[in-house]
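Below, each chain spelled out in residue letters.
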Amino acid sequence: MADTYAQEFAFSQQLWYYYVENRGKIRSRYNDLTRKFLAYNDREENPKAFLRKPQFEALEMYVFIKEFMNNQQVYEMFDDWRNQRNRFADASYYSVARNGQISLLDAPTEKQTDTLFKQMKKYQENYPNYIYALTMGLGKTILMGTCIFYEFLLAKKYPKDKRFCHNALVFAPDKTVLQSLREIMTFDKTKVVPPEYARVLDANIKFHFLEEGGTVLNTIDDSDFNIIISNTQKIIVKKKRKEETPGQVFFNGSASLLSAVYGGDDEDDAWDDSTLMDNQRFKKLCRLPQLGVYVDEAHHLFGSELEKQIRSSGTKKTSLRDTINLLAASTSIVACYNYTGTPYVKNQMLPEVVYSYGLQESIWNGFLKDADPIGFENVKSGEFLKAAVTEFWKRYGGRTYEGLKPKLAVYAAGIDEAVNEVAPALERILADLGIPTSTILVNVGNIKYTKDEDIRNFNNLDVAGSEGNEKQFIILVEKGKEGWNCRSLFGVALYRSPTSKIFVLQATMRCLRAITDERLTATVFLSKENYDTLDDELHKNFNMELKDIKNPSQNDRHRYKVRVLPPPRSIMLKRIWHEYKMREKAYSDPVDFGLAGMDFSKYMSVMYERDSIARDTTTKEINIDHLRDNMKYSAFSLAGEIASYMNISCVLASRILREAADGIDVILEAVNKYNEVLDDIIVPKIFHALFEITLEKKTEDRELVLLRAPKDAGYYEFSAKDDLVITNQYPGFTPAQIRKSFHADTYCFDSRPELECFMQYIVSEKVKEIYFTGMFTANQGDLSIYYYDPESGRIRQYYPDFLAKMADGSYQLIEVKGDNKIDDAVVQAKKRAAEEMAVASGVRYLMYAGSYVQSHHILDEQKTGNTVLYNLTKEQTLFGAKAAEEAEEYGTKRRPV
C-alpha cells in the first residue's frame, strides 16, 4: 500500500478542536500579560478589536503552541495526541471527549496516522517548524507583525525564558513582496497591542530593511528586539559562480579589511570575498540570540514550490531552508514560522500546518469576495476580450465601492501582444460602449510603454479621488504573482495559456480581496483551457474545485437574510452591578500562609521519558525542578520585593514575614523553590491582612430592546442548516400563533432541542409571546447578562436563548443546553448571574437539558420558583440515545456573518 494518509484528515483540525474545547482552562494558565494581549485582540472581549476571526484564531494557536505546548515540534505534539498521552491523555485535566477526534481503534486509521507521523519525523529540523495557512487577503503580514510584537513583549518581561524570540528575521520570496512587508514597520501597533505596551515596543524595536544588495546589516552583536526584513537573496549563503579576472584579483586583493573584521573563512568559498557583503549579513545574524525566523510565502509560493522551500534541498545548499539551517548551527533559533495561503501538496495538507483557514471558508464567511469563473471555448482573442469587457461593464459599470471604481485586469502573454493587439482592441471595444479610453492603463514593466505617471496611477488604483482610481481597465503582463493587492479589482481576463499553470490561480486570486462589508462577487473571464487549469490548480493547492467557489452552499448550510419586524419588542429588567470598596486596616494577627503540607505539584517541572521507541514501554515522569532558574531570595530581599510590589514599608513587610505562622524558613524555602508562590499565595495573603474589601450590590431598571435594525443594511445575515430554520411564513403555524412571536422574520436555531423548545412554547395556550433571542448578540440587541467567566477570569456577556411572556403576565428567560454542557463551570456561572438578575427582576429563569426538551412536554411539567434546572436523571437517560445525540449536536451551530 502506498504511504499516504486520508486526505480529509488534518492534524491542525484536531489541534484546534482540542484547544477550543479547553480554551478557558488553557487561557487561565497563561501569564497575565498574555491574557491581556489576547483579550485586547478578542472581539468577544473587545468589540473594537482590529484582527479578523482567522487572524485572531491563528494568533491563539501561535500562543497555545508557544506557552502551553512549550514550542514542541509538530511531530512530538502529534505523537502525544495519537497515543493519548501527556496533555492529550484521557486522565489529563485537559482531556476532551474523543467523539470529536479521529478514532484510532481501527487498523486502517492507525496505519494512516503512523504514515503521517513518519512523514513528520522524516522532515523534522533541529528547531520547531510551523506553517500557518491563511488564504491570500486575510492579512498574513499583519498577523506576522502581531506575533512578533507578542514575542518581544514577553521576551522583555521574561528575558530568561527560552521560549520567546528576542530577535526576528522576516523573509520575503522576492523584491515585490519584500515591499509589502514594509507594513510591519509602518503599521499602527496600537491596533493589535494595548497602548501602554505599544510604547514599550516603540522604545525598543530596531528595524533593518535590507532592500538593496549593498545594504550592510548594522545590528549590534548580542542585542535584542531587532526586526530584519529581507528577501532570501539578501541573506542566503552563496558560492562562487566563476573565477575572478586578473583585474578583479588585483583590485580585490588577497584578503579585504572587511574579511578580517568579520572573520572570513578562507577554506570555504561560501565565505570568501566574492560574496562577502551577503555573508556579512549572515554573520551578523549569527550573533543575534534567540532568533525567530518568519517566512512569508503568501503571494508567491504555491503547492510543491512551498514544499521545496520548507524542506532541506539535499546537496544543493542554496535553498531558504538550508540558509536557516546554517543559521541554526551558529545561533539559537527559537522556531521557524511559515505563512502561506496554499498548504496543500498533491491534495494533501502539509503535516507541519498547525492552523489553516482556507479559501472556501474565507469566501463563505465574507472575508473574501466570491468569484464567478466564466470559461470561453472556441472563440478568438478579440471576441473573448469584447465579451469579457461587455459583461464586466454590465455587472459593474457606473458603480463605486467605498468611493473606488471597479477594475478589470486584462492579462497579455507578452509586451508585444499587450501593446500592439490588446490595447488597440480594448480601445475599440470601449468606444463602442461609450466608455472613455482614458480609463485604460498599460503596465507592462517597460519604460517605453509604461511611464512614471502610469506607475503612480497603478499604485493609486485603490486611492479614492486620485487619477489612478479613474483607470478601470488595466493591461498587464505577468503581474499576478508579485504580491499586487487591489481591493477594487472586480474582474480578471486571461485568454492565452501562460507558461506557468499556477499563474492562472495567482491571477484569479488577485480579484478576491474584500471591499465593503457586503458580500460581493468578482468575475473571472478565462479561455476553456485556462478554466480547466484553474479547476485543477484549485484542487491541487486548496483541495477544492470550481464548483466549490461557484456554489459554496453545497452542504446543507445556507445563508439567510434576517429582517427585523416592527414594532420593537422590549422588556424592563434590573441591571445589577457590584461596587467594591477597599479600606486599609492595621496589621495585628500573624498571617498563616498555609505553606506547610501544601500541594505544589502544579508548579513542578516534569520531564516525560520513554526508554525505547522500539519496545512498548511506558512513559516515565521525572521531576526536573533542579533545572529551574529561580530568583533566590533572602529574608531582606523578599521583604523588599513585597514592599515594592504592594507600596508598603520594608519594615512592615519584614515584620509580617517574621511573625507569620509558617515561619520565615518555610516561606523562603517555598518561594525560592517555586517563585510563583510569591504572586499566587504570599502577596494575596498579605493584601487581605492589610486591607478589607466590602461589597455592595446595586440595581437599576433598564428597558432592553430585544433586536435593533442594522445600521448600514436592511437585514442581518446568518448561515444555518435548512432544517433548523423557521420563518414567519411557516405553514404549520396559525395566524394567531405567528403573532405571538417573530421579532425577526427568520429564526436560525443552534440545535434541534432549541427548535423543539420554540415549537412547544409557540403552540401552548399558556404562552402569550415567545421570542428567540439567542441568535442575536453584540450590537444587535440589548438582552444580555454580564457574568464572571471562571476560566478566563474576565467579565463576559451571555445571551439567553428565549424570552417568553406567559398568559398570566409573568416572564421567563429560557436556556437550552446540551446534556454534556449542563455541569460545565462556565454554564453554571451564566446560570448564577441569570438567577441573580431574574430574582431581582421578578422573572423566572429556566435551564433545560437538550434531551429533556426532546422527551417531555416541558410546559406541562414546569415547577414553581424563579430558577429551574431541568437535568437528566438516571431514569431519563434511558429514554433513547437518539435524542441525546441530537441534544449534543452543537458542532453545527449557526454562524453569524
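Please refer to the structure placed before this passage.
Attention here is on the structure that accompanies the text.

Parameters and conventions
Residues numbered from 1 in each chain as written. Predicted model: local features only at pLDDT ≥ 70, side-chain atom pairs only at ≥ 80, totals over all residues. Heavy atoms only, no water. Helix = DSSP H or I, 4+ residues; strand = E, 2+ residues; numbered from the N terminus. Buried < 20%, exposed > 50% of the residue type's maximum accessible area, 1.4 Å probe, protein only. Contact = heavy atoms within 4.5 Å. Areas by Shrake-Rupley, 256 points an atom, 1.4 Å probe, with all protein chains shown as cover. Polar contact = N/O pair within 3.5 Å; in protein donor to acceptor, adjacent residues only side chain to side chain. Pairing = 2+ DSSP bridges. Axes fitted to C-alpha atoms, helices over the stretch in contact; angles between N-to-C directions. Parallel < 35°, antiparallel > 145°, perpendicular 65-115°, else oblique. Nonpolar A, V, L, I, M, F, W, Y, C, P; charged D, E, K, R; others polar. Salt bridge = Lys/Arg side-chain N within 4 Å of Asp/Glu carboxyl O. Core = buried A, V, L, I, M, F, W, Y, C linked by side-chain atoms within 4.5 Å. Left-handed = near helix turned anticlockwise from the far one by under 90°. Right-handed = clockwise from strand over helix to strand, strands pointing away. Patch = residues over 30% accessible without salt bridge, like charges linked within 9 Å, V, L, I, M, F, W, Y side chains within 5 Å. Phe/Tyr/Trp six-rings, centres within 6.5 Å; stacked < 30°, edge-to-face > 60°. Lys NZ or Arg CZ within 6 Å of the ring centre and 35° of its normal.

### A few points about the overall build of the protein chain
Per the secondary structure count, the protein chain includes 32 helices and 31 strands. Within the protein chain, buried positions represent 52% of all 897 residues. Relative to all contacts within the protein chain whose residues are 6 or more apart in sequence, the contacts with residues 24 or more apart total 75%. When the accessible surface of the protein chain is split by element, carbon and sulfur atoms take 49% of a total near 42,000 Å².

### Considering the side chain of Gln55
Inspection of the secondary structure assignment puts Gln55 in helix H4 (residues 53-68). By relative accessible area, which is 4% here, Gln55 ends up buried. At 2.9 Å, the side chain of Gln55 and the backbone nitrogen of Arg52 are in polar contact. Here the side chain of Gln55 touches Leu138 through a polar contact of 3.3 Å, landing on its backbone oxygen. With sequence-adjacent residues up to four places away left out, Gln55 is seen in contact with Leu134, Leu138, Gly139, Ile142 and Leu143.

### Focus on the sheet that holds strand S13 (residues 473-477)
Pairing within the open sheet is parallel, and its 6 strands lie in the order S10-S15-S14-S11-S13-S12. This sheet does not close on itself; its edge strands, each paired only once, are strand S10 (370-376) and strand S12 (440-443). Each strand axis lies, on average, 20° off the axis of its neighbour in the sheet, ignoring direction. Relative to strand S15 (residues 521-527), strand S14 (residues 489-494) runs parallel, the two being bridged by 4 bridges. By the bridge assignment, Gly491 is partnered in S15 with Thr523. Across the sheet, helix H18 (residues 381-396) touches S10, strand S11 (407-412), S13, S14 and S15, and the angle it forms with S15 is around 170°. Here helix H21 (residues 502-509) sits on the sheet and contacts S11, S14 and S15; the angle it forms with S14, its principal contact strand, is near 155°.

### What to know about unusual backbone geometry
The linkage connecting Pro566 with the following residue, Pro567, adopts the cis geometry, with an omega of -5°. Although it is not a glycine, Phe225 adopts a positive phi angle of roughly 65°. When you line up the elements, Phe225 lands in the loop between strand S3 (206-209) and strand S4 (226-231). Residue classification places Phe225 among the buried residues on the basis of a relative accessible area of 9%. With phi around 55°, Glu402 is a residue other than glycine that occupies positive phi space.

### Let's talk about the packing of helix H1 (residues 11-21) against H4
At their nearest, the axes of H1 and H4 sit 11 Å apart, and the two run at 85° to each other. Here H1 is positioned roughly perpendicular relative to H4, judged by the angle of their axes. Each of Leu15, Trp16, Tyr18 and Tyr19 in H1 lies in contact with H4, whose residues at this interface are Glu57, Glu60, Met61, Phe64, Ile65 and Phe68. Classifying every residue of the contact of H1 with H4 by side-chain character gives 8 nonpolar, no polar and 2 charged.

### With respect to the pattern of salt bridges
Overall, the coordinates contain 38 salt bridges when judged by the stated rule. When the shortest N-O distance is used, the salt bridge between Asp372 and Arg395 registers 3.0 Å. Of this pair, Asp372 sits in strand S10 while Arg395 is found in helix H18, placing the two residues 23 residues apart along the sequence. Residue classification places Asp372 among the buried positions, given a relative accessible area of 18%. When its relative accessible area of 26% is taken as the criterion, Arg395 is described as partly exposed. Note that Lys698 and Glu579 form a salt bridge whose closest N and O atoms lie 3.1 Å from each other. Taken together, the residues Lys698 in strand S20 (residues 691-705) and Glu579 in strand S17 (residues 570-584) connect sequence positions 119 residues apart. Ionic contacts of the salt-bridge type, sharing partners, join the residues Arg23, Arg27, Asp42, Glu44, Glu45, Glu60, Asp789, Arg794 and Arg796 into one network.

### Focus on the nonpolar core
Core analysis: the biggest nonpolar cluster contains 70 residues, and Met61, Phe64, Tyr132 and Tyr294 have the highest contact counts within it. With 11 residues, the top contributor of residues to this core is helix H7 (residues 140-157). When near neighbours in sequence (up to four residues on either side) are disregarded, Tyr294 contacts Tyr62, Met144, Cys147, Ile148, Glu151, Cys165, Ala168, Leu169, Val170, Phe171, Tyr337 and Tyr339. Formed by 60 residues, the second largest nonpolar core is a distinct cluster that contains Leu704, Phe776, Ala834 and Leu859.

### Describing the packing of helix H24 (residues 635-646) against helix H25 (residues 650-659)
Interhelical geometry of H24 versus H25 gives an angle of 120° and a closest axis separation of 8 Å. What the angle tells us is that H24 and H25 run oblique. Crossing handedness for the pair H24 and H25: right-handed. Packed against H24, whose contacting residues are Ala635, Leu638, Ala639, Gly640, Ile642 and Ala643, the element H25 presents Cys650, Ala653, Ser654 and Leu657 at the interface. Classifying every residue of the contact of H24 with H25 by side-chain character gives 8 nonpolar, 2 polar and no charged.

### Observations regarding the pairing of strand S28 (residues 811-817)
Counting buried positions along S28 gives 6 out of 7 residues, so the element sits mostly inside the fold. Linking two consecutive strands that pair antiparallel, namely strand S27 (residues 802-806) and S28, is a turn of 4 residues; a positive phi of about 95° is found at Gly809 within it. Handedness of the crossover is the feature at issue here: the chain leaves S28, passes through helix H30 (residues 825-841), returns alongside strand S29 (residues 844-849), and the resulting connection is right-handed.

### What to know about the sheet that holds strand S5 (residues 291-296)
Taken together, the 7 strands give an open sheet; going across it, the order is S3-S4-S2-S5-S6-S1-S9, and neighbouring strands pair in parallel fashion. Edge positions in the sheet fall to S3 and strand S9 (353-357), since each of these pairs with one other strand and no more. Going from strand to strand, the sheet's axes swing by 15° on average, the running direction of each strand aside. Bridge count between strand S2 (residues 167-172) and S5: 5 bridges; the pairing is parallel. Bridge pairing in S5 links Val170 to Tyr294. Lying on the sheet, H4 is in contact with strand S1 (129-134), S5, strand S6 (333-340) and S9; it crosses S9 at an angle near 170°.

### Structural notes on a nonpolar patch on the surface
Together, Tyr580, Met582, Ile693 and Leu695 make up an exposed nonpolar region whose accessible area comes to about 440 Å². Contributing elements (two or more residues each) for the nonpolar patch: S17 and S20. Note on placement: Leu695 falls in strand S20.

### A word on the environment of Lys122
Structurally, Lys122 is set in helix H6 (residues 107-122). The spatial distance from the C-alpha of Lys122 to the C-alpha of Tyr75 is 9.5 Å, given a sequence separation of 47 residues.

### Considerations on the packing of aromatic side chains
Working definition: an aromatic ring pair is given by the centre-to-centre distance plus the angle between the planes. All told, the structure shown has 49 aromatic pairs when counted by the stated rule. Across from the ring centre of Phe68, 4.0 Å away, lies the NZ or CZ of Arg87, which sits over that ring. Cation over ring: Arg575 sits above Trp577, and NZ or CZ is 4.5 Å from the ring centre.

### Digging into helix H26 (residues 664-673)
Burial in H26 covers these residues: Ile667, Leu668, Ala670, Val671 and Asn672. Against H24, H25 and helix H27 (676-690) lie the buried residues of H26.

### Describing helix H5 (residues 74-82)
In terms of burial, H5 is largely enclosed, as 8 of its 9 residues are buried. Among the residues making up H5, those that are buried are Val74, Tyr75, Met77, Phe78, Asp79, Asp80, Trp81 and Arg82. Trailing H5 by a residue or two, Gln84 shows a phi angle of about 55°, which is positive.

### Some details on the environment of Ala840
Structurally, the position occupied by Ala840 is in helix H30. Overall, the relative accessible area of 33% leaves Ala840 in the partly exposed class. Considered as a pair, Ala840 and Ile576 are 264 residues apart in the sequence and their alpha carbons are 8.3 Å apart. For Ala840, the contacting residues outside a window of four places in its chain are Lys574 and Ile576.

Geometry only, nothing functional implied.
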